[in-house]
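Observations on chain architecture
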Amino acid sequence: FDKFEFFFVSLTETLFQFLEPHGCGPVLYCSFSNGVCYSFIPGAPLTTSSVVKKEVYCAVAQQMAKLNSLKVFATIMLRVANTSWWQWFVQRTAA
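Described in the following lines is the structure provided in the data block. Quick caveat: nothing in here was measured; it's all calculated off a predicted structure. (Residues numbered from 1 in each chain as written. Predicted model: local features only at pLDDT ≥ 70, side-chain atom pairs only at ≥ 80, totals over all residues. Heavy atoms only, no water.)

Before going further, it helps to spend a moment on the pairing of strand S2 (residues 35-38). Direction of pairing for strand S1 (residues 28-32) relative to S2: antiparallel, over a ladder of 4 bridges. Bridging across to S2, Cys30 finds its partner in Cys37. The antiparallel pairing of S1 with S2 creates a hairpin that spans 2 residues between the two strands. (Pairing = 2+ DSSP bridges. Helix = DSSP H or I, 4+ residues; strand = E, 2+ residues; numbered from the N terminus.)

The structure is reproduced here in structure tokens:
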């Protein structure tokens, strides 16, 4: 269990706890030291052919607008960006 896994699990748990009450994420059932358990959200991955369909890009834009309207979300992301875990991750992935 390395620093990246710890950072990712912590970030995922924090985001899910915040986003779910606003209808922007799955329900977080529980958290473990090495992962999280959350609800399934049915859907399909975006592809280069699906993302250009009007109903798809409009739905994506609506969800992004909803997400970006949450003021606390920006605060969480700023806190994450200033953590030693994030600095470690940026340095590791930049190499």
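A separate point is the packing of aromatic side chains. Scanning all chains against the criterion turns up 1 aromatic pair. Relative to Tyr38, the ring of Phe16 has its centre 4.8 Å away and its plane inclined at 70°; by these criteria the two rings are edge-to-face. Here the residue Phe16 occupies a position in helix H1 (residues 3-19), and Tyr38 occupies one in strand S2, the gap between them amounting to 22 residues. Since its relative accessible area comes to 43%, Tyr38 is described here as partly exposed. (Phe/Tyr/Trp six-rings, centres within 6.5 Å; stacked < 30°, edge-to-face > 60°. Buried < 20%, exposed > 50% of the residue type's maximum accessible area, 1.4 Å probe, protein only.)

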